[in-house]
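Structure assessment
The chain contents come next:
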Amino acid sequence: MTELPDDLVRAVEATLFAAETPITAEAISAHLGGVDVKPALHELAMHYAGRGISVVERGGRWHFQTSADLAHLLRREREETRRLSRAATETLAIIAYHEPVSRAEIEAIRGVQTAKGTLDVLLEAGWVRVAGRREVPGRPVIYATTNEFLAHFGLSSRKDLPGIDELKAAGLLDPVDNALEEMMTAGEKTAEASSESAPDSLESEDESA
Amino acid sequence: MTELPDDLVRAVEATLFAAETPITAEAISAHLGGVDVKPALHELAMHYAGRGISVVERGGRWHFQTSADLAHLLRREREETRRLSRAATETLAIIAYHEPVSRAEIEAIRGVQTAKGTLDVLLEAGWVRVAGRREVPGRPVIYATTNEFLAHFGLSSRKDLPGIDELKAAGLLDPVDNALEEMMTAGEKTAEASSESAPDSLESEDESA
Amino acid sequence: MSPELTKDLITTDPAATEEWEGPASAPSENEALYLELDGWEGPLDLLLDLARRQKVDLRRISILSLVDQYLTYIERAEALRLELAADYLVMAAWLAYLKSSLMLPREEQEEPSAEELAMRLQLRLQRLAAMRDAAARLMGRDRLGRDVFLRGAPEGLRVDRKNRWQCEWFDLVRAYGQVKARTAPVVHMVRDRMVMTLDSALSRVSAMLGVTLDWMELREFLPPHADPRLRKSALASSFVAALELARMGKAELAQDEVFGPLRLRRAAA
């Protein structure tokens, strides 16, 4: 027999289980009269590890879901799980790895204009949101990902984006201009600069347009 | 740590969790390639006994549900203390002094229309009840106060409400015009009389319920 | 291969999910060429694929051979009389220029140098490649609603708000007092006030003017020790009486300054 959870853990478990959408620890706490539910959530996440269902956190919201390794048993290619176009998936990746990012910045990376429908598809899916405007001439709209994006792709936060640390370290999330400038100055010292990987100093997240 | 379930139990657990309606053991079995899932279902029911969620069978169909003793968590009541609006307070006072009284009579005494929500608030508060109908054309509903009303205001009966004479003595019945007159005569002594703020009795009326 | 018209739209072909590295669909029907040429999404896309065919790290590709391959592609397309989108031709012209610059001695190059332009192109290709790989890894994750599932039939959480109404005894009683006060029938009564009529002021002022020839202030005509309200009335009546007497030529009026004391005396006969 398994050891039984205490009353608070049971209450958090029931609340999380009954919730219709992913829910923050604060909302669970408010529902249960203001107690701290974080330890209970972590205890539940531990308890369910290895079971058929899991307790996960996605962008600060918690939910139960079927365990990922059972996907082969449960996978449903339902009509609503449609495939995104290549343009849409690339655009989504660029927004996720560079956010917040303007349309012009997306186009600079992809090398082609973004068709009107591409961003609409991502906005409609609820994975991308308008995150304000960049304070540069023209005040372009900038885009960022949403909590639903994190939940859909099973990411606790943007730090979980596949390979993001490596991309950052290699300077591949920096604008070309910055990388070039770095390389030129580095190149003055070493002749083989162009074949070297980008230095660590490129790591800074420069979001300028 | 708890002992981990085997793959079949995990698969049944996930299938049951994701199902949109209660599901028969046969349907789960069909979904999982025809294996016998009954032992797995019973093992799950055992595992969840005492937790915040339960695996239950009803009429041959199985489903997950929030444990019965925690059902109160699904629907919570939250009490908020709110002050009675001026309109509602006046209406309550008129009912208390004149009961039983119809809405038309309340309006005649107040001199203003009574918003629909005002009486609802008093009924919700439990201080006013419908005391029947007046046997006049239209048979209007008549209202009276309740025992909770007496209890809330610390009255043993309606006779404890101060009479008109007592109100007058306390200055609570001074007509607005008298108060104004007094101020004006006082003003002949002080030059700034006209710039003084209006007395309390001239306060703007708040009709919001 | 039939041209796909749904470039940026979602398609329902599940198998296509796995064909990440495969050709993209054409931007539009009349650009069906790109399907012939493997379906590129713009010149940078074509360049990236050519660069990957060099089968070396993107940081070590040969820009010169990349340029040659691109130009060859474009020439082949032109030989087939396929209509090329303008941006492919612009890229071709730019790459031809880059190639000639790269072959010039360094000192004869303009700013920015050909090396810098080549480096810039290489960096762009690296960045596009990085995002393309990232997108593929992202799409390959266990996705909610496809690979993992939320609870099928959650009970839902509900909070019913209930009001606890609050009212004090004093508020209740005062409210009643205010209702009664507000709606009590109002009787307006004009108080009996002591007034001096114009007639009595006229006779009083003219009588007093007969006593002396000197200037007198209007105030001096008022009854002394009078009730303040009577004084006000007497002042007004006496003023009008003074004006009337002046009009009749029986009195002279003088006022040295605005709001100054008003003086009057009997008119000289």
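Residues numbered from 1 in each chain as written. Chains lettered and ligands numbered in written order. Predicted model: local features only at pLDDT ≥ 70, side-chain atom pairs only at ≥ 80, totals over all residues. Heavy atoms only, no water.

With respect to the overall build of chain A
On a plain count of helices and strands, chain A comes out with 10 helices and 6 strands. Within chain A, the proportion of its 209 residues that are buried is 50%. Once local pairs closer than 6 in sequence are excluded, the contacts in chain A between residues at least 24 apart make up 50%. Total accessible area on chain A is roughly 9600 Å²; 51% of this is exposed by carbon and sulfur atoms. (Helix = DSSP H or I, 4+ residues; strand = E, 2+ residues; numbered from the N terminus. Buried < 20%, exposed > 50% of the residue type's maximum accessible area, 1.4 Å probe, protein only. Contact = heavy atoms within 4.5 Å. Areas by Shrake-Rupley, 256 points an atom, 1.4 Å probe, with all protein chains shown as cover.)

Here we look at the overall build of chain C
What chain C contains, in helices and strands, is 8 helices and 4 strands. Moving toward the C terminus, one meets the helices and strands of chain C in the order α-α-α-α-α-β-α-α-β-α-β-β. Across the 269 residues of chain C, 41% fall into the buried class. Restricting the contact set of chain C to residue pairs at least 6 apart, pairs at least 24 apart contribute 54%. Approximately 15600 Å² of chain C is accessible, and the part contributed by carbon and sulfur atoms is 54%.

Details of the sheet that holds strand 3 (residues 61-66) of chain A
The strands that make up a sheet are held in pairs by hydrogen bonds between backbone atoms, and each pair lies either parallel or antiparallel. Residues and elements named next belong to chain A. Read across the sheet, 3 strands follow the order 1-3-2 without closing on themselves; strand pairing throughout is antiparallel. The strands lining the two open edges of the sheet, one partner per strand, are strand 1 (23-24) and strand 2 (53-58). Relative to strand 3, strand 2 runs antiparallel, the two being bridged by 6 bridges. Across the sheet, the residue bridging to E57 is W62, located in strand 3. Packed onto the sheet, helix 1 (residues 7-18) meets strand 1, strand 2 and strand 3 and runs at close to 75 degrees relative to strand 3. (Pairing = 2+ DSSP bridges. Axes fitted to C-alpha atoms, helices over the stretch in contact; angles between N-to-C directions.)

Remarks on the interface of chain C and chain B
Contact with chain C, which involves 36 residues of that partner, is made by 51 residues of chain B. Summing both partners gives a buried area of about 4400 Å² for chain C against chain B, and 56% of it is carried by carbon and sulfur. When the area that chain C buries against chain B is broken down by residue, the three leading residues are C:W165, C:L172 and C:Y176, summing to 19%. The interface formed by chain C and chain B holds 2 salt bridges in total. (Buried area = accessible area lost by both parts, 1.4 Å probe. Salt bridge = Lys/Arg side-chain N within 4 Å of Asp/Glu carboxyl O.)

So, helix 1 of chain A
Residues three or four positions apart in an α-helix share a direction because the helix packs 3.6 residues into each turn. Residue and element names in this part refer to chain A. Taking 1.5 Å per residue as the helical rise, helix 1 with its 12 residues ought to reach 16 Å, and the 16 Å between its terminal C-alpha atoms agrees with that figure. The element helix 1 is largely enclosed, with a buried count of 10 among its 12 residues. Where helix 1 starts, the residue carrying a side-chain oxygen 3.1 Å from the main-chain nitrogen of L8 turns out to be D6. (Expected span 1.5 Å × (residues − 1). Polar contact = N/O pair within 3.5 Å; in protein donor to acceptor, adjacent residues only side chain to side chain.)

A word on the interface of chain C and chain A
Facing 53 residues of chain C, the contacting portion of chain A comprises 69 residues. Of the roughly 5600 Å² buried between chain C and chain A, counting both surfaces, carbon and sulfur atoms make up 62%. For the chain C face of the interface with chain A, the top three residues by lost area are C:R127, C:M131 and C:F149, together amounting to 13%. Between C:R132 and A:E90 there is a salt bridge, with the nearest N and O atoms lying 2.7 Å from each other. Inspection of the region where chain C meets chain A yields 14 residue pairs in polar contact (both at pLDDT 80 or more). For the side of chain C that touches chain A, the secondary structure elements donating two or more residues are helix 2 (43-53), helix 5 (114-139) and strand 1 (158-166) of chain C. Residues of the side of chain C that touches chain A, tallied by class, amount to 24 nonpolar, 8 polar and 21 charged. (Nonpolar A, V, L, I, M, F, W, Y, C, P; charged D, E, K, R; others polar.)

A closer look at the pattern of salt bridges
By the definition in use, this model includes 39 salt bridges over all chains. Note that A:D120 is salt-bridged to A:K116, the shortest N-O span being 3.0 Å. With A:D120 and A:K116 both in helix 7 (residues 116-124) and 4 residues apart, this pair spans about one turn of that helix. Its relative accessible area of 35% is what places A:D120 among the partly exposed residues. Assessed through its relative accessible area of 61%, A:K116 is described here as exposed. Among the ionic pairs, C:E116 bridges to C:R120, the shortest N-O distance being 3.9 Å. Of this pair, C:E116 and C:R120 both sit in helix 5, 4 residues apart, which is roughly one turn of the helix. Each of A:R86, A:E90, A:R110, C:E41, C:D45 and C:R132 takes part in salt bridges that share partners, so that together they form one network.

Side note on the packing of aromatic side chains
Applying the stated rule across the entire model yields 13 aromatic pairs over all chains. Seen in terms of ring centroids, B:F17 and B:F64 are 6.5 Å apart; in terms of plane orientation they differ by 80 degrees. Their pairing is edge-to-face. Here the residue B:F17 occupies a position in helix 1 (residues 7-18), and B:F64 occupies one in strand 3 (residues 61-66), the gap between them amounting to 47 residues. No difference in accessibility class separates B:F17 from B:F64, as the two residues are buried. Taking the centre distance of 3.7 Å and the plane angle of 5 degrees together, the rings of B:Y97 and C:Y176 count as stacked. A residue pair is termed interchain when its members come from two chains, as with B:Y97 in helix 4 (residues 86-98) and C:Y176 in helix 6 (residues 169-183). Take B:Y97 and C:Y176: they sit in the same class, and that class is buried. Counting every residue linked through ring pairs, the aromatic cluster contains A:F17, A:Y48, A:F64, B:F17, B:Y48 and B:F64. In this arrangement the basic side chain of C:R76 is found over the ring face of C:Y73, its NZ or CZ atom lying 5.1 Å from the centre. (Phe/Tyr/Trp six-rings, centres within 6.5 Å; stacked < 30°, edge-to-face > 60°. Lys NZ or Arg CZ within 6 Å of the ring centre and 35° of its normal.)

Some remarks on a nonpolar patch on the surface
On the surface, C:L198, C:F239, C:V240, C:L243 and C:L253 cluster together into a nonpolar patch covering about 380 Å² of accessible area. In terms of residue count, helix 8 (residues 228-247) of chain C provides more of the nonpolar patch than any other element does, 3 residues in total. (Patch = residues over 30% accessible without salt bridge, like charges linked within 9 Å, V, L, I, M, F, W, Y side chains within 5 Å.)

Side note on the confidence of the model for chain A
Of all residues in chain A, 84% have pLDDT values of 70 or greater, and the mean over the chain is 84. Below pLDDT 50 for its whole length, residues 191-209 of chain A participates in 39 contacts with residues either more than four positions away or in separate chains. (pLDDT = per-residue confidence, 0-100.)

Some details on the confidence of the model for chain C
Residue and element names in this part refer to chain C. Looking at chain C, the pLDDT average stands at 78 and 82% of residues meet or exceed 70. Confidence, read as mean pLDDT per element, is least for helix 1 (residues 33-36) in chain C (43) and greatest for helix 5 (91). In this model residues 1-36 is a low-confidence stretch, pLDDT under 50, and it forms 65 contacts with partners more than four residues away in sequence or in other chains. Overall fold confidence (pTM) sits at 0.62, and the ipTM for the predicted complex is 0.66.

Side note on the side chain of A:S85
Residues and elements named next belong to chain A. With respect to the secondary-structure elements, S85 resides in the loop between helix 4 (71-74) and helix 5 (86-98). For S85, a relative accessible area of 3% gives the class buried. Looking at S85, its side chain comes within polar contact range of the main-chain nitrogen of A88, at 3.0 Å.

Some details on the sheet that holds strand 4 (residues 101-102) of chain A
Residue and element names in this part refer to chain A. With antiparallel pairing, the 3 strands of this open sheet are ordered in space as 4-6-5. Edge positions in the sheet fall to strand 4 and strand 5 (128-133), since each has one partner strand and no second. Here strand 4 runs beside strand 6 (residues 141-145); their pairing, made up of 2 bridges, is antiparallel. Bridge assignment links V101 to a residue of strand 6, and that residue is Y143.

Focus on the side chain of C:D45
Inspection of the secondary structure puts C:D45 in helix 2. Among the polar contacts made by the side chain of C:D45, one reaches the side chain of C:R132 at a distance of 2.5 Å.

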